Amino acid sequence: MAIFDKFTKKDAPVEAPESLQIDAQPGIGYAPVSGRVIRMTDVPDKVFSTEVLGKGCALWPDSDVVYAPANGWVGTAMGHAVTIKSDGGAEVLIHVGVNTVNLKGKGFTNFVSEGDRVAAGQPIIMMDRKVINEAGYQDCVVFAISNSDDLAGVELTADFSEKVEAGAPILKVTF
């Protein structure tokens, strides 16, 4: 080790947790995180609560790992958010937290990159909820279908306020 290595040494990369075992079905969206389901209209951010970025739901998480809710291809991966073009054609947005873009990636580790193929249940983001909360932000995880206006329907199949485990079916998309 050179003398200045201790000043420039990077933290060891975070290893992705194991994938969930999901027999993904077309048109089904799986919970991206364990937690309590809330209506999109109850998300404390008008961009999401008015469904400008699509219909769906959100979850108040009780864990730090966020999983792909469908099989597909990653469009964007930027710390707090990942987009996925599902095999069925739904355009999925997973957004972690309210105003967490202001953290500029701090507290987030992406396990996927633009152009990656993902399977439902594959880890895509690790969030540090302590960092998010200490910065004064809320950590709800938004699961939106951004092209919902172009689809026949997006229906929540879980009950509001229900506690679900990551990988549980919670949305039905009709093409």
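Report follows, based on the coordinates. Once a new chain begins, its residue numbering starts again from 1 and follows that chain's sequence as written. Note on the predicted model: pLDDT of at least 70 is required for a residue's local features to be given, and 80 or more for side-chain atom pairs to be given and counted; whole-chain, interface and lining totals, by contrast, use all residues. Water and hydrogen atoms were dropped before computing side-chain values, which therefore reflect all heavy atoms in the structure.

**Some remarks on the overall build of the chain**
Next, step 1: Runs of H or I in DSSP of at least four residues are treated as helices and runs of E of at least two as strands, each being numbered from the N terminus. Summing up its helical and strand segments, the chain has three helices and 14 strands in all.
Next, step 2: In terms of overall size, the chain behaves like a compact globule, its C-alpha atoms giving a radius of gyration of 16 Å where 175 residues would be expected to give roughly 16 Å.
Next, step 3: Across its three principal directions, the C-alpha atoms of the chain cover 60 × 35 × 25 Å.
Next, step 4: Whether two residues are in contact is decided by their heavy atoms, any of which lying within 4.5 Å being enough. Of all intrachain contacts in the chain linking residues separated by at least 6 positions in sequence, the fraction that spans at least 24 positions is 70%. Restricting the calculation to C-alpha atoms gives the radius of gyration, and the globule rule supplies 2.2 Å times the number of residues raised to the power 0.38.

**Some words on the environment of Ile-125**
Next, step 1: Take Ile-125: it is sitting in strand 10 (residues 123–127).
Next, step 2: Measuring from C-alpha to C-alpha, the distance between Ile-125 and Tyr-67 comes to 6.9 Å, with 58 residues separating the pair along the chain.
Next, step 3: Setting aside anything within four residues of it in sequence, one finds Ile-125 in contact with Asp-64, Val-65, Val-66, Gly-79, His-80, Ala-81, Val-82, Val-96, Phe-108, Thr-109, Asn-110 and Phe-111.

**Quick word on the pattern of salt bridges**
Two side chains of opposite charge can pair, provided their charged atoms sit close to one another.
Next, step 1: We define a salt bridge as a side-chain nitrogen of Lys or Arg found within 4 Å of a carboxyl oxygen belonging to Asp or Glu. Under the definition given, this model contains seven salt bridges.
Next, step 2: Lys-85 is paired through a salt bridge with Glu-91; the nearest N and O atoms lie 3.4 Å apart.
Next, step 3: Relative accessibility decides the category of a residue: with a 1.4 Å probe and only protein chains considered, values under 20% of the type maximum give buried, values over 50% give exposed, and everything between is partly exposed. With relative accessibility at 40%, the residue Lys-85 sits in the partly exposed group.

**Section: the sheet that holds strand 4 (residues 65–67)**
Next, step 1: Two strands are counted as paired when DSSP detects at least two bridges linking them. Strand order across the open sheet formed by three strands is 4-10-8, with antiparallel pairing between neighbours. Looking at which strands have only one partner, the edges of the open sheet turn out to be strand 4 and strand 8 (108–110). Going from strand to strand, the sheet's axes swing by 20° on average, the running direction of each strand aside.
Next, step 2: Sheet topology note: the strand 4/strand 10 ladder contains three bridges and is antiparallel. Counterpart to Tyr-67 in the pairing with strand 10 is Pro-123. Here the axes come from fitting lines to C-alpha atoms, over the contacting stretch only for helices, and the angles between their N-to-C directions go from 0 to 180 degrees.

**A closer look at the pairing of strand 14 (residues 169–174)**
For a regular strand, side chains alternate in direction, first toward one face of the sheet and then toward the other.
Next, step 1: Both strand 1 (residues 28–30) and strand 14 contribute to a ladder of three bridges, which runs antiparallel. Bridge assignment links Gly-29 to a residue of strand 14, and that residue is Leu-171.
Next, step 2: Where strand 12 (residues 153–156) lies against strand 14, four bridges are found, and the strand directions are antiparallel. In the strand pairing of strand 14, Glu-155 is matched with Lys-172.

**Section: the environment of Asp-149**
Next, step 1: The topology assignment puts Asp-149 in the loop between strand 11 (141–145) and strand 12.
Next, step 2: Using a relative accessible area of 73% as the deciding quantity, one classes Asp-149 as exposed.

**Section: a nonpolar patch on the surface**
Next, step 1: A patch consists of residues exposed above 30% relative accessible area that lack any salt bridge, with like charges linked at up to 9 Å and nonpolar side chains (Val, Leu, Ile, Met, Phe, Trp, Tyr) linked at up to 5 Å. Using a 1.4 Å probe, accessible areas were evaluated by the Shrake-Rupley method; residue-level cover was limited to the displayed protein chains. Taken together, the side chains of Val-47, Val-52 and Leu-53 define a hydrophobic patch exposed on the protein surface, amounting to about 240 Å² of accessible area.
Next, step 2: If you trace the backbone, Val-47 turns up in helix 2 (residues 46–49).

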